[in-house]
Each structure stands twice: as structure tokens, then as C-alpha cells.
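This is what each chain is made of:
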Amino acid sequence: MEGRTGSVFCVMEEDTAKYEWKGRVRPFNKVFQTEHLAIQEACLWANKANQQVKVWLDSESSLHSIASIDTKSPISQQTTNLTGIYKH
């Protein structure tokens, strides 16, 4: 994806890549949106594979947005629904 905006996630099993997903977005998309896209795709993969997973990422702002009870961001709300995080 050289020179383009995109996101990726990889499923690792004992230091071996088991599955990899790459998504390219339009140039006007924000990094925040591409991070959420990768998290969403990882959650969809985990649901389909019926696997419990650990997600490693370097974006504290994305994590806060997903976990926030007051988020107004539609993409954050969608991601929260896919992660199985239940807010009270």
C-alpha cells in the first residue's frame, strides 16, 4: 500500500502469520477511521472463526473512543458493537 492510506491486521499463531487482511481507503479518510476499520475487520474475523482474540494496537485514542460511553462517532459505535464490549 505504498503511498496510499490503508490499514491492516494479521492473525499470528506461534510467530507465524495465519491470516492477513489489508484494506485501502480513500485519501480523504483519517488515520482514526483506518484504525477502526482494521479493528472492525479483526473482530469480524474472530467472530467468523469463533475465536477469542487479543488485539494489539498503538492507538490509545482509538481504544478510548471504542470504550467511551459518550462517543458520538458512528465508526466508534460500530466498532464497539463488533468488539462485544458492553457499556453500562
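Rules used in this analysis
Residues numbered from 1 in each chain as written. Predicted model: local features only at pLDDT ≥ 70, side-chain atom pairs only at ≥ 80, totals over all residues. Heavy atoms only, no water. Helix = DSSP H or I, 4+ residues; strand = E, 2+ residues; numbered from the N terminus. Contact = heavy atoms within 4.5 Å. Patch = residues over 30% accessible without salt bridge, like charges linked within 9 Å, V, L, I, M, F, W, Y side chains within 5 Å. Areas by Shrake-Rupley, 256 points an atom, 1.4 Å probe, with all protein chains shown as cover. Salt bridge = Lys/Arg side-chain N within 4 Å of Asp/Glu carboxyl O. Buried < 20%, exposed > 50% of the residue type's maximum accessible area, 1.4 Å probe, protein only. Axes fitted to C-alpha atoms, helices over the stretch in contact; angles between N-to-C directions. Parallel < 35°, antiparallel > 145°, perpendicular 65-115°, else oblique. Left-handed = near helix turned anticlockwise from the far one by under 90°. Nonpolar A, V, L, I, M, F, W, Y, C, P; charged D, E, K, R; others polar.

**Q** Explain the side chain of Q40 to me, please; I cannot follow it from the model alone.
**A** Here Q40 is to be found in helix α1 (residues 31–49). Setting aside residues up to four positions removed in sequence, Q40 forms contacts with I75, Q78, T79 and L82.

**Q** I tried to follow a nonpolar patch on the surface on my own but got confused; where do I start?
**A** Side chains of V53, V55, L57 and L63 sit close together on the surface and give an oily, nonpolar patch of about 290 Å² of accessible area. Positionally, L57 belongs in the loop between α1 and α2 (60–67).

**Q** Explain the side chain of H36 to me, please; I cannot follow it from the model alone.
**A** Counting through the fold element by element, H36 comes out in helix α1. Under the relative-accessibility criterion, H36 is labelled buried at 0%.

**Q** Please explain the pattern of salt bridges as it appears in this structure.
**A** A side chain of one charge can pair with a side chain of the opposite charge when the charged atoms of the two come close. Inspection of the entire model under this criterion finds two salt bridges. A salt bridge links E13 to K18, with the shortest nitrogen-to-oxygen separation between them at 3.3 Å. Its salt-bridge partner being E20, residue K22 comes within 3.7 Å of it at the nearest N-O pair. Overall, E20 belongs to the partly exposed group, its relative accessible area being 46%.

**Q** I'm lost on the packing of α1 against α2 in this one. Help?
**A** Each pair of packed helices gets described by two things: the angle between the helix axes and the distance between those axes. Axis separation between α1 and α2 bottoms out at 10 Å; the angle between their running directions is 65°. Regarding the angle of α1 to α2, the classification is roughly perpendicular. As α1 packs across α2, the resulting crossing turns out to be right-handed. Facing F32, E35, H36 and I39 of α1, the residues of α2 in contact are S61, S62, S65 and I66. Residue composition of the contact of α1 with α2, grouped by class: three nonpolar, four polar and one charged.

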